[in-house]
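Survey of secondary and tertiary structure
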Amino acid sequence: GVVLAQLVRSAIHAFVSSKASDGEALPADVLRLIRDEASLLLERQIICDTLDADPYKLCEDDADVRRQFGRLQGLMNVVSCTRTKTMDGNVTIHCVVELSRDNEMNANIKENVRLEFAYDRSPIRYMDSKDKHAPSDADNDNDNDDGNTGHDCDTSMITSGPGDDVHRGTRIIYYVDFSIDHGPKERLITIEVMASGEAPSSEQAIPMEDDGGDDGEDVWEDFDEDGEPLSKAEADDVVENMDEDEASQKTGGKDGKDRYAAYVDPEELHKFLSCTGLVFDEATSIYFLMIFPYFEFEWDLLGFLLDAVFGHQSGDDSSRSDGDGDGDGDEEKKSSGADAK
């Protein structure tokens, strides 16, 4: 390791010196460019290594899938990638992966197809309805004309009084988009998780639709009519207007179970496959898109997505990935999903 580091350092020093001596660029500018490009090349290598490792066993009995993975690696370039984590528990990951045009792509593709991955995890605060305390004079001062007293639970900015039991939960949004030749983005996958704590619950997670009453009206409360997540400001407004019981139910505060909702747009998925010339079935397509390492794997986003697409199996934890990367549980789910088609 030490010898390799010395060789890399010497090569960088020689390259920077050559560019600085002929006046092409300042040494600091060259070093910044090397840093940025090396970071993107590392991200590309991580993706390629993951495809080679085939954690979900997609290529185990399918040589054509292996061939297509190899083709994609030759076309792939990471355009941008950022990872941010703050002290208060916010995590954001954003990555754009470009697939350059080749002869197997749709003839209408002029330059490239891009995939965009965006992940956001943020803390939320909520209070069980049993912990509701009597409104103070300040609360009463907030009365409005429609009869609301102003003391409904605000899960993002909650103040606790004596005896209050305030909980810290987690909200996760993950989506995958694609675009053609720098055109408008189209949504492929959307996943939302409202967790009862700061880590995944040990209890079996529940689809939000199972909490929505007979008509399931609140299944997509944090999504618009196109299946896209609301902006942070819009989502915060939804949460702020919940009463304490609604907020507790949505985060799983009463029973300690996390809630999730997930969506795959079948038309956009078909369009993506057609444009790129990939020949994957529905299950393989989902596994492929979720193989990119741009979310936190301790949250079972893939399992939630498979449940939403192929139907969750109540009480059957064996159908979920156990998180060790061997993919056995997910392969069982993939098979059951293929049979269901």
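About the cut-offs
Residues numbered from 1 in each chain as written. Predicted model: local features only at pLDDT ≥ 70, side-chain atom pairs only at ≥ 80, totals over all residues. Heavy atoms only, no water. Axes fitted to C-alpha atoms, helices over the stretch in contact; angles between N-to-C directions. Helix = DSSP H or I, 4+ residues; strand = E, 2+ residues; numbered from the N terminus. Parallel < 35°, antiparallel > 145°, perpendicular 65-115°, else oblique. Contact = heavy atoms within 4.5 Å. Nonpolar A, V, L, I, M, F, W, Y, C, P; charged D, E, K, R; others polar. Salt bridge = Lys/Arg side-chain N within 4 Å of Asp/Glu carboxyl O. Buried < 20%, exposed > 50% of the residue type's maximum accessible area, 1.4 Å probe, protein only. Polar contact = N/O pair within 3.5 Å; in protein donor to acceptor, adjacent residues only side chain to side chain.

Glancing now at the packing of helix 7 (residues 266-276) against helix 8 (residues 282-290). Where helix 7 contacts helix 8, the two axes come as close as 11 Å, and the packing angle between them is 80°. Taken together, the axes of helix 7 and helix 8 lie roughly perpendicular to each other. Here Leu269, Phe272 and Leu273 of helix 7 come into contact with helix 8, specifically with Ser285, Phe288 and Leu289. When the residues that make up the contact of helix 7 with helix 8 are grouped by side-chain class, the tally is 5 nonpolar, 1 polar and no charged.

With that settled, consider the pattern of salt bridges. Two side chains that carry opposite charge are able to pair once their charged atoms sit near each other. On inspection of all chains with the given rule, the structure shows 13 salt bridges. Its salt-bridge partner being Glu116, residue Lys185 comes within 3.3 Å of it at the nearest N-O pair. On the criterion of sequence distance, the pair formed by Lys185 in the loop between strand 4 (166-180) and strand 5 (186-195) and Glu116 in strand 3 (residues 112-127) is long-range, its members being 69 residues apart. Across the pair Asp177 and Arg187 runs a salt bridge whose closest N-O atoms are separated by 2.3 Å. Within this pair, whereas Asp177 is found in strand 4, its partner Arg187 is found in strand 5, the two being separated by 10 residues in sequence. Here the two residues Asp177 and Arg187 agree in accessibility, since each one is buried. Through salt bridges with shared partners, a single network forms among Asp64, Arg67, Arg71, Asp102 and Glu104.

Let's shift gears to the side chain of Glu192. With respect to the helices and strands, the residue Glu192 is situated in strand 5. On the accessibility criterion, Glu192 (0% relative accessible area) is buried. Of note is the side chain of Glu192, whose polar atom sits 3.4 Å from the side chain of Arg171.

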